[in-house]
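Chain by chain, the residues:
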Amino acid sequence: MAATSLPHQATFSEAFSARDDDDLVAVLLRRPDLATPPPTSLLAMAARASSRSSLERALTSVTSLQLSALEALVVLDGSIERVDDLLHALCAGEATGEDRTRIRDAIADLEQLALAWSPTPAGPLRPSPGLAEILGPFPAGLGPATPPAQRTTAWSPADVDAALMNAPAGARAILDALTWGPPVGIIPRTDATGAQATSWLVDQGLLRRSDERHVVLPREVGLVLRAGRTHRDVRTTAPVPAAPTRRTEIVDAEAGRAGLEAVRMVARLVASWEDAPPAVLRSGGLGVRDLRRLADDMETNDKTAAVVVEIAAAAGLIADDGGTPAAFRPTQEAPDWLTAGIAQRWALLARAWWTTRRMPWLVGSRDERGLLRAPLEPDLARPWVPRLRTAALGVLADQGSALSVEQVLEVLAWHKPRAVPPAQAVAGLFAEAAWLGVTGAGALSGPGRVLTTGAPGLDSAFDGVLPQEVAELLIQGDLTGIVPGRPSRTLEGLLESCAEVESRGAATTVRFSAASIGRAIDQGQSVEGLLAELTRYSRTPIPQPLDYLVRDAGRRHGQLRAGAAMGYLRAEDPAVLAELVTRAELRPLGLTLLAPTVAVAEAPAAELHAALHELGIGSVIEGPDGRTVPLTSAGERRERGRPPLRAPSPADDATVAPDIRRRQFGTLVTDLRRRAAEPPLVARTPPASNPVAAADQPAVMGPPTASTSAPASAGVDALPPTTTPQQAGTSDPVAALGLLREAMADNAMVWVELVGPDGVPVRRHVRPLRVDAGRLRALDPARDAELTVAVHRIATVTRETSPDRSGER
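This is a predicted model, so every value here is computed, not measured.

Draft legend 1. Inspection of the overall build of the protein chain at higher detail. Tallying secondary structure elements over the protein chain gives 32 helices and 23 strands in all. Here the protein chain, with 809 residues, has 45% of them falling under the buried criterion. Nonlocal contacts in the protein chain, meaning residues at least 24 apart in sequence, comprise 64% of its contacts between residues at least 6 apart. On the protein chain, roughly 40100 Å² of surface is accessible, and the fraction owed to carbon and sulfur atoms is 54%.

In structure tokens, the structure reads:
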């Protein structure tokens, strides 16, 4: 649909509503919060676009160049007649042609974002209502403008130079110090010369006192001292840090080694927790002792062990089993992952890391309550983590070199100056990327580039950076062995079962011991079979010390026997257990009597408890310390704050395909346009004798009339004259706030209908001064007083269309 025609001097809401449908859809694609929840009208959408929360979100996506342009618009609001005026304010003719093109593109982008607008089709540029408050009291380092009633001189460069010719010593230095901000200075107490110079500048109007101790440089004086420029230096492109360029083969080789180690550590975690699953803390995390035990098992530090745990959980390989008591165990997907190829295993871990919202780098730090953060805690998730990961690694991809954390932060600060991430977060993400092999030698690796771009073939990309497999083992007489390269899948499995790894790198060194040989025999290897396997891979005959070690371990194997039980029953009366063991209903549980009062079972404690209750036999569940454990289901436990630790799906991540989102927004805009074209409903006017009932009825849209006013005895103000041009009013709370912000930005008058404590409506003709924290502060010229009222008491707002902007600049 084509854009509707603009009035000669439109407001922000009218200009926003007059955009054509494609422009509105483009705004919603850039600012989707404007459509959540769906607005009731285009006026309400425009009001939401000028709300503080929406503006804050929109400002997080602007670049440093765009932010400088917005600051210039706020400072010079009403003076920017053409884009060329804004170009002069930013660069004063010093920019190149390319810089000017980039600035023009930045301004056009701000207009698309509805952060800048024009009241007429070819009119002046203006900032969105509400931006001045968000950008702070000193945009671009300039102080507040002097109110027109207090101005004694319209300062020009010649006036300033003439005034400073007779200035006392130090006056020029004071102005130079405040020119480029901050514009606030402290009046010296001990420096007589400085105090005299400050007083002289205040008397001349070049400075203004803000209180007894401080002075401020007025905005109009600051602009003169800056020769009309709002910023000293405007960077039109992102910085390009000086950083070394790594050779691709070096980067990929280091990434391959790191990825192999990451896969090995996660596999070791799965195997370890299959045998001895750690308990789940009440907070839903992993205990410090269990983390340190895992770190020792993997021969690494606690920080790396925390990353291993978090990525394994994000990949869906481990999770809370929901038992009683609860423990972290490998999931049903873990066996399939263990049997997949090395490249497929790495690809699953990399994708899980790329999409997870978890923050492993915070493990070991303390939260707001002073408590240590543990791995797998629900509180370690933030929705902005995937976006930060994309932005930080995107800098590496764009620069094509190895950058430090500080250099990456410098680039991110230019792209999003209002949303610069903490250095700790960027450092943590880079450490995880290096551990996983997404980066190598500080630069983005080949597999990392495929991961960040979303291109297919991630496992093939990783497979291409892996060293060649070898199926050879050099066994030495000191019970050590060397694999001259990356061991093959079968050789790696053999060594994991019967040897301990001493070092990894270009070659892997292992050591055979009685414990490692015993572990292999425990896993089902026979003595002759193990020696045959070692002989198959060894380049030389098996040394005699290793042959003796294997055969001796086989002779001593089985002298002690151990068994497994998932649950047990304990009773004070031996007859009770003797009867339960023989009952046919409990036979599937595999009850075995170990002692007169103790029986073990092949079922977990919760299943034993449920089976006994079905037979009408009361029982309780006890923990390892013998205390009774309250029985709760996994679902109930998760309702208390322990969500399943799985990688988020696209739906969980609130991501929708752009074409689908575009169609949704197009349908919304069409519906709002149709509603705007429908004739408004005419509200019934209640009897004038019942003012309270009148307040309860829907408000009549448009300017107040005699038929809708309450009687004079109810305290209603005089109605506006019919000759004053009026805009249609609104009773929609969101749209009403938008009209108040527009009137505040334009220094315009509005009619507000307030509902008093007794329910009687009162109309006031006011000039809004501030809308914040749920309150409106306005000037009532008729009473020569200020009015402060809660916004929930405002029933309708009707704005005049002939604003008085004389007090703006």
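Draft legend 2. Region of interest: the side chain of Ser-118. Note that Ser-118 resides in the loop between β1 (116-117) and β2 (126-127). Overall, the relative accessible area of 15% leaves Ser-118 in the buried class. Setting aside anything within four residues of it in sequence, one finds Ser-118 in contact with Ala-15, Glu-111, Gly-123, Pro-124 and Leu-125.

Draft legend 3. Here's a closer look at the sheet that holds strand β15 (residues 508-511). In spatial order, the strands read β11-β12-β15-β14; together these four strands make up an open sheet with antiparallel pairing. Here the strands that pair on one side only, and so sit at the sheet edges, are β11 (474-475) and β14 (500-503). Looking at chain direction, β14 and β15 are connected through three bridges and run antiparallel. Considered in β15, the bridge of Glu-500 is made with Arg-511.

Draft legend 4. Spotlight on the packing of aromatic side chains. Throughout the structure, instances matching the rule amount to five aromatic pairs. Between Trp-273 and Phe-328, the ring centres sit 6.1 Å apart and the planes meet at 25°, which makes this aromatic pair stacked. On the criterion of sequence distance, the pair formed by Trp-273 in helix α13 (residues 248-275) and Phe-328 in strand β7 (residues 328-330) is long-range, its members being 55 residues apart. Look at Trp-273 and you get buried, because its relative accessible area is 3%. Each ring, one from Trp-346 and one from Phe-462, has its centre 4.2 Å from the other, and the planes form 5°; the classification is stacked. Taken together, the residues Trp-346 in helix α17 (residues 342-355) and Phe-462 in helix α22 (residues 458-463) connect sequence positions 116 residues apart. Each member of the pair, Trp-346 as well as Phe-462, carries the same accessibility label: buried. The ring of Trp-353 carries Arg-389 above its face, with NZ or CZ at 4.8 Å from the centroid.

Draft legend 5. Structural detail: the pattern of salt bridges. In total, this model carries 33 salt bridges according to the counting rule given. Here Glu-261 and Arg-264 are joined by a salt bridge, their closest N and O atoms 2.6 Å apart. Placement of the pair is Glu-261 and Arg-264 together in helix α13, with a separation of three residues, close to one helical turn. Judged by its relative accessible area of 23%, Glu-261 falls in the partly exposed class. Accessibility expressed as a relative area gives 16% for Arg-264, which makes it buried. In this structure, the salt-bridge partner of Arg-486 is Glu-469, at a minimum N-O distance of 3.3 Å. Separated by 17 residues along the polypeptide, Arg-486 in strand β13 (residues 486-487) and Glu-469 in strand β10 (residues 469-470) bring together distant segments of the chain.

Draft legend 6. Geometry of the packing of helix α6 (residues 83-91) against helix α7 (residues 97-112). Relative orientation of the contacting elements α6 and α7 amounts to 120°, with a least axis distance of 11 Å. Judged by the inter-axis angle, α6 sits oblique to α7. When you trace α6 past α7, the crossing you get is right-handed. Across from Val-83, Asp-84, Leu-86, Leu-87, Leu-90 and Cys-91 in α6, the residues of α7 making contact are Arg-100, Ile-103, Arg-104 and Ile-107. Taken together, the residues of the contact of α6 with α7 break down into seven nonpolar, no polar and three charged.

Draft legend 7. Broad picture of helix α20 (residues 423-436). Between its terminal C-alpha atoms α20 stretches 20 Å, which fits the 20 Å expected from 14 residues at 1.5 Å a residue. The set of residues buried in α20 consists of Ala-425, Val-426, Gly-428, Leu-429, Phe-430, Glu-432, Ala-433, Trp-435 and Leu-436. Those residues of α20 that are buried are in contact with α13, α15 (302-314), α17, α18 (385-399), α19 (405-415) and β8 (439-440). A positive phi of about 90° marks Gly-437, the residue just after α20.

Cut-off values and rules
Along each chain, the written sequence defines residue order, and numbers are assigned to residues from 1. Totals for whole chains, interfaces and linings use every residue, but because this is a predicted model, local features are given only for residues with pLDDT of at least 70 and side-chain atom pairs only at 80 or more, for both listing and counting. Excluded from the side-chain calculation are hydrogens and water; included are all heavy atoms of the structure. Strands here are runs of E lasting at least two residues and helices are runs of H or I lasting at least four, both read from the DSSP assignment and numbered beginning at the N terminus. For every residue, the accessible area obtained with a 1.4 Å probe (protein chains only) is divided by the maximum for its type, and the residue is called buried under 20%, exposed over 50%, and partly exposed between those limits. Whether two residues are in contact is decided by their heavy atoms, any of which lying within 4.5 Å being enough. Note on areas: Shrake-Rupley, 1.4 Å probe, and residue coverage restricted to the protein chains presented here. When DSSP finds two or more bridges between a pair of strands, those strands are recorded as paired. Pairing of aromatic side chains here covers Phe, Tyr and the six-membered ring of Trp, requires ring centres within 6.5 Å, and sorts the geometry by plane angle: under 30 degrees stacked, over 60 edge-to-face, intermediate tilted. Whether a charge lies above a ring is judged from NZ of Lys or CZ of Arg, which has to be within 6 Å of the ring centre and within 35 degrees of the ring normal. Here, a salt bridge means any Lys or Arg side-chain nitrogen found within 4 Å of an Asp or Glu carboxyl oxygen. For helices, the axis comes from a line fit to the C-alpha atoms of the stretch in contact; other axes are also lines fit to C-alpha atoms, and the angle between any two N-to-C directions lies between 0 and 180 degrees. Orientation is classified from the angle alone, with under 35 degrees giving roughly parallel, over 145 giving roughly antiparallel, 65 to 115 giving roughly perpendicular, and any other angle giving oblique. Should the near helix be turned counterclockwise from the far one by less than a right angle, the crossing is left-handed, whereas a clockwise turn marks it as right-handed. Basically, the charged four are Asp, Glu, Lys and Arg, the nonpolar ten are Ala, Val, Leu, Ile, Met, Phe, Trp, Tyr, Cys and Pro, and anything else, Gly included, counts as polar. For a helix, the expected span equals 1.5 Å multiplied by the residue count minus one.

Honestly, it's all geometry; don't read function into it.
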